[in-house]
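# A structural walkthrough
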Amino acid sequence: MSSTTRIRRSRRAVVAAATLGVLALGGSLALPAQTAFAGALHDAYHGALSVQAPAAVGFAGQPVAFTETITNTGTEDTSYTLLLQTTTEAGTPPHAITIDYKDPADGIWKSVPLDFYPGSDEATYNGMTGAIVVAAGKSVKLDMRIGAPMGLPHDGASNGGFHSITLASRLTVPGTGDNLGEQVSAITVDSIGSSLAHVPATAIAGGAPIEFDAVLANPTPSAYTNLGNVLFVDPHATVQVRQADGSWTTPEKVSDGIPDDKPGVYLQGRDSSIDAGKTMVTRVRVSYDATTPLGATSIDPCLFVNEGATPFRGTTTCSQGSTVKVVADPAQAPTQTPAQAPGSAPAQILGNTADKNAKPAADTTTAQVQPAADTKPAAPAAAAPVAVPAAPAPVATDAELAATGSEFDTVKAGTAAAAIAALGAGALLLARRLRRQS
């Protein structure tokens, strides 16, 4: 995202204490237009600022790199400072934004200390870099990164969030308050999401397990760490995950201690990760013991980032689950994942129409493939409490697949990319920035 550079001259100097006073009081430095940071300038100082801000960051993900270039248009070596401000929607929690820069003097990454000012209409974070020396007539390209971690490591925010970040950058000289250049950049906030594919509509109590794919998609430019990819299932169910060598492991069922809440199973462990722009497909099978109540039950996927000591408490993204009908009569259950009947309505994957001509998923283990370049999830939804469904969803007919069933081809990069396109804008039905409340 290119910048618009401004150079101001020939006005009386304003001391830096006045600028910092505005910051300390939570005053906004950024205005909607590029005319933000109006201020007087000192005749002796000259400079220009060019910002290449990232187009997007991942919600609760790792920071994304960008650059800000400082040009000394004067005739003397000058020490500059960048004043930085982010503006987000009301409801933004503490520790939601981070900004770092690599100090040219020593090559070390340093955090920009940010002061947080929540407001009724918007929230701001204000901070400044250390002094950056630029030789006369030269430029310094400053390596930077910005992220929206939504809390500290292993202490993700319970609620709050935003659709975008407005980043305002201002070039000044320490001790003067001069405004030598400015830019306001808009950064979209995208998100990871999970879904289920090929879930059979029927299972036998005490019978063979059903098999399907659990899909974790990260179309964002942020990597994710401290990630829990969880399936919530009936207490009578046993979940198994296929490994790279073809063997099956049985992860522990974890309870949050709340009565009537379903237990959860971490498919890759509590502190897993996924790289930027990747999709992970995991083959899963679920069996129901003979004591399972007959009727409809559901399998519900959720993602948790930066969970604390208590399970399922962190920045939370839950997606539409799948309904399975548990029956006693083997004749009522299919022997394999049923294909969609010709002429029937297309299967739905998280609200998007799936390609009904797509092949069933191959019986493969976890894989990573590149998603389609134009894949983009829906904007974050308003914060609201999230709870794992305790009551079963409506019963599916025997001839139907579960709600997020059948048409999702995996494994090969090309077909997986097409599938992730089905997880595009408006498709993730995210319940974001949430944490299950006790």
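Conventions and cut-offs
Residues numbered from 1 in each chain as written. Predicted model: local features only at pLDDT ≥ 70, side-chain atom pairs only at ≥ 80, totals over all residues. Heavy atoms only, no water. Helix = DSSP H or I, 4+ residues; strand = E, 2+ residues; numbered from the N terminus. Buried < 20%, exposed > 50% of the residue type's maximum accessible area, 1.4 Å probe, protein only. Pairing = 2+ DSSP bridges. Axes fitted to C-alpha atoms, helices over the stretch in contact; angles between N-to-C directions. pLDDT = per-residue confidence, 0-100. Contact = heavy atoms within 4.5 Å. Phe/Tyr/Trp six-rings, centres within 6.5 Å; stacked < 30°, edge-to-face > 60°. Lys NZ or Arg CZ within 6 Å of the ring centre and 35° of its normal.

## Focus on unusual backbone geometry
Among all residues save glycine, negative phi is the norm, and among peptide bonds the norm is trans. Positive phi, close to 60 degrees, is recorded for H154, a residue that is not glycine. The backbone of H198 sits at a positive phi, close to 65 degrees, despite the residue not being glycine. The residue H198 is located in the loop between β15 (193-197) and β16 (202-204) in this model.

## Notes on the pairing of strand β13 (residues 164-172)
Counted residue by residue, β13 has seven buried out of nine residues, so it is predominantly covered. Bridge count for strand β4 (residues 78-89) against β13 is seven bridges, and the pairing is antiparallel. Its bridge partner being in β13, L83 is matched across the sheet by R170.

## Some details on the sheet that holds strand β1 (residues 48-52)
Strand pairing in a sheet is mediated by backbone hydrogen bonds. Such pairs are either parallel or antiparallel. In spatial order, the strands read β1-β3-β10-β5-β6; together these five strands make up an open sheet with antiparallel pairing. In this open sheet, the two edge strands, each paired with only one partner strand, are β1 and β6 (109-111). Shown here is a sheet whose adjacent strand axes are inclined to one another by a mean of 25 degrees, direction ignored. Across five bridges, β1 lies against strand β3 (residues 64-71) in antiparallel orientation. In the strand pairing of β3, S50 is matched with T69.

## A closer look at the confidence of the model for the protein
Put simply, the protein has an average pLDDT of 75, and 66% of its residues get 70 or more. Note that residues 30-42 has pLDDT below 50 and, in this model, 47 contacts with residues that lie over four places away or in other chains. Confidence over residues 336-438 falls short of pLDDT 50; this stretch has 273 contacts with residues more than four positions distant or in other chains.

## Quick look at the packing of aromatic side chains
Within the structure shown, the criterion is met by six aromatic pairs. Note on F59 and F162: the rings are 6.3 Å apart at their centroids and 70 degrees apart in plane angle, and the pair reads as edge-to-face. Linking F59 in the loop between β2 (56-58) and β3 with F162 in the loop between β12 (155-156) and β13, this pair joins segments that are 103 residues apart in sequence. Taken as a pair, F59 and F162 share a single burial class, namely buried. Three or more aromatic residues link up through ring pairs in this structure, and these residues are F232, Y266, F304 and F312. Lying over the aromatic face of W109, R145 brings its terminal NZ or CZ to 3.9 Å of the ring centre. The residue whose ring lies beneath R285 is W248, and the NZ or CZ to ring-centre distance is 4.2 Å.

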